[in-house]
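Residues per chain, in single letters:
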Amino acid sequence: MTEPPTVSEHSAAQPSPVEAEILRLSRDEPALGQAAVAERLRQAGLPISPSGVRYIWQKHGLETAVKRLRALAGSSGEGLAALTDTQRGLLERGALTARLVRGASSREAGDAVDQPIDRRQVILNAAAELFAEQGYDRSSIRDIARKVGLLPGSVYHYFSSKDELYLAVHGEGFRRLTVAVTAAIGETRDPWERLMRACEVHVGGIATGSPVDRVTGHNLAMIRHHGLFAKIRPVREAYENIYRELIDALPLAPGTDRTLLRLLLLSGMNWVYIWYREGRRSPKEIADAMVDMLRHGVERAP
């Protein structure tokens, strides 16, 4: 199997300024569509049509977002590690789509990287990044559209409003958390170990997970959107039910308020998003310490 071509290999023949800028954007923002690239160049004083952008892409074998992502990974000594979480997700979905198509019809499958990207998921990931970075109130549909190289109207084709998009991000985030936590706690029967593993997944997602994972940990009530908070409550409570069951199974001292204990633990984990800094304690260490303090207390023995 041959290695995927890299952007640097494609551009070795001293391209024109327009071509060089298209190749640069292919490297720096590979998820941008041809219309968005053409608009970027127009703003930079390098007018070219969307079809002209596609011609340059085809010339260099970069006509799909997945091909551009493969080229970006191939041009870096880090390989896939050079890609962001969102970019790796796009690449994985492109490969999965190709496998599904090959299973249905090998004649039509073609090159694995020629399959289309799930645009709805691209928008969802970009929205989560903005919500996580600058909050719900300061993020607009126009901002989200610009981030993925679409017109605002194209975003509205998939999501009728910013509210719907925010709800979709939370729905996806809680679904992922539920799957991961359920798998983690299924590996042991010890009640304290089960709680610890659930917390490791939760803190890990908030501290170092994808933007969807991180924004799910936010408390929407903090930004006073009570209507949205009410709509998110069902999926949030379905996830919190896992912790209700885990804490109900703990051998606790008589009179312990298990509801307050659950809320204390979840609130503490969600605030990790605010103060976590990579290079100190790992997410696992933080989660384990939280559970250990709940279990054994912090008062010094006499």
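Residues numbered from 1 in each chain as written. Predicted model: local features only at pLDDT ≥ 70, side-chain atom pairs only at ≥ 80, totals over all residues. Heavy atoms only, no water.

Caption draft 1: Structural detail: the confidence of the model for the protein chain. In the predicted model, the protein chain carries a mean pLDDT of 79, and 79% of its residues have values of at least 70. Counted against residues more than four places away or in other chains, residues 1-12, with its pLDDT under 50, gives 16 contacts. Here residues 96-116 is modelled with pLDDT under 50, and outside its nearest four sequence neighbours on either side it reaches 21 contacts, counting other chains as well. (pLDDT = per-residue confidence, 0-100. Contact = heavy atoms within 4.5 Å.)

Caption draft 2: Structural context of the pattern of salt bridges. Summed over all chains, the structure comprises 15 salt bridges. Across the pair R27 and D28 runs a salt bridge whose closest N-O atoms are separated by 3.3 Å. According to the relative accessible area criterion, R27 is partly exposed, its value standing at 34%. (Salt bridge = Lys/Arg side-chain N within 4 Å of Asp/Glu carboxyl O. Buried < 20%, exposed > 50% of the residue type's maximum accessible area, 1.4 Å probe, protein only.)

Caption draft 3: Broad picture of the environment of S154. Topologically, S154 is positioned in helix α10 (residues 152-158). With a relative accessible area of 25%, S154 lands in the partly exposed category. Residues S154 and R119 lie 35 residues apart in sequence; the distance between their C-alpha atoms is 9.7 Å. (Helix = DSSP H or I, 4+ residues; strand = E, 2+ residues; numbered from the N terminus.)

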